[in-house]
Amino acid sequence: MTKTTAGRFFEDYAVGDVITHAVPRTISGGERAMYHALYPARGALYSSDAFAQACGLPKSPVDDLITFHTVFGKTVPDVSLNAVANLGYADGRWLAPVYPGDTLTSQSQVIGVKQNSNGKSGVVWVRTTGRNQHGQDVLSYVRWVMVRKRGDGAAPATVIPELPGAVAASDIVVPDGLSFADYDFALAGEPYRLGDYTVGEVIDHVDGVTIEEAEHMLATRLWQNTAKVHFDATNRPDGKRLIYGGHVISLARALSFNGLANAQMIVALNAGAHANPCFAGDTVRAWSEVLDVAETDAPGVGAVRLRLVATKAQAGPLRGADGKYAPDVLLDLDYWALMPT
């Protein structure tokens, strides 16, 4: 009897299934150091215990996307090992900071399934929750992924979940104790506060990063992402390794420091789409559009809703005349971040 597994195929999912993902992970300062080596990340709150303590936190948390990648990576063997593509995200909420020493686990519930018209694959929606060693939820999000079918057999009955268009500003969770009342703009790197941004403003983040094969492979392994399309060059007819979409998210977020250095903490993920595939050799650039601003009850803490676009071109049109994403657009991400008022 074989001890190995080929992973789940589309026929293996049913709405209501709860999947507990294997291998808890204790986060250390090593993840932070590696994250800052892989991406040009330099947010002050995630770089300095002293800065974080001046903002009311006990110490510097790990970058929010470290939490996302870690929780996401655990789901891959059960959700997207046989994926054709990761399609999108919605209703994501960061519920508590994660600090070095915390242990993260992941659990997902299947909330939707729909077979594609070609009969060879289908879309699976899951809500994933990440928890720390105290059983406290630290992250919750929905994603949907296109998964290959095992064969030509019957597909599960179609269920398409209803998802909110965005996380309401009133539902944003601000970490306990966080205060930007004495925020040090000089140490943060830019003088701009919430009132300096206007809805509709577009910020070209100027810089670019050319992705190398080695770095995205290191990132994929770091987050224990086992999706075949990311590390097995024989898994695609073009012989290329598809770059993990989260790698593009982190690159774009890090590039957005130039113009948004004070958008410190990601607290909600409203929507996201990986518009076109990304491969080694591509140069990633980023631009952001301000979609909304809001106040919170925490001292000096506001929230800014941003559309973050990663592209292989310069800042420009998001979509063509046909309504489809422009071919150079890699990522379209809508999120809320906390910023001093």
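Just above, that's the structure.
Structure report, in brief. (Residues numbered from 1 in each chain as written. Predicted model: local features only at pLDDT ≥ 70, side-chain atom pairs only at ≥ 80, totals over all residues. Heavy atoms only, no water.)

All right, on to the pattern of salt bridges then. Per the counting criterion, the structure on display carries 10 salt bridges. Notably, a salt bridge pairs Glu31 with Arg25, separated by 3.0 Å at the nearest N-O pair. Notably, a salt bridge pairs Arg236 with Asp238, separated by 2.7 Å at the nearest N-O pair. Arg236 gets classed as partly exposed once you look at its relative accessible area, which sits at 22%. With relative accessibility at 39%, the residue Asp238 sits in the partly exposed group. Bridged by salt links that share partners, the residues Asp91, Arg93 and Arg127 form one connected network. (Salt bridge = Lys/Arg side-chain N within 4 Å of Asp/Glu carboxyl O. Buried < 20%, exposed > 50% of the residue type's maximum accessible area, 1.4 Å probe, protein only.)

What follows is about the environment of Asn258. You can see Asn258 is positioned in helix H8 (residues 257-260). C-alpha of Asn258 to C-alpha of Arg131: the two residues are 127 residues apart in sequence and 32 Å apart in space. Those residues within four positions of Asn258 in sequence are excluded, and the remaining contacts are Glu190, Ile203, His205, Val206 and Asp207. Within the local environment of Asn258, its side chain forms a polar contact with the side chain of Asp207, the two groups lying 3.3 Å apart. (Helix = DSSP H or I, 4+ residues; strand = E, 2+ residues; numbered from the N terminus. Contact = heavy atoms within 4.5 Å. Polar contact = N/O pair within 3.5 Å; in protein donor to acceptor, adjacent residues only side chain to side chain.)

This part takes up the layout of surface pockets. One number sums up the size of the largest pocket: a volume of about 530 Å³. Lining the largest pocket are 30 residues, and of these Val84, Ala85, Asn86, Leu242 and Pro277 sit closest to its centre. Those elements that place two or more of their residues in the lining of the largest pocket are helix H3 (64-79), strand S3 (83-94), strand S6 (137-148), helix H6 (228-231) and helix H7 (245-255). Take the lining of the largest pocket: its biggest share by element is 6 residues, from S3. (1 Å grid on protein atoms, 1.4 Å probe; cavity = no way out; pocket = protein on both sides within 12 Å on 5 of 7 lines; lining within 4 Å. Points joined across faces, edges and corners; volume = space filled by probe spheres on them.)

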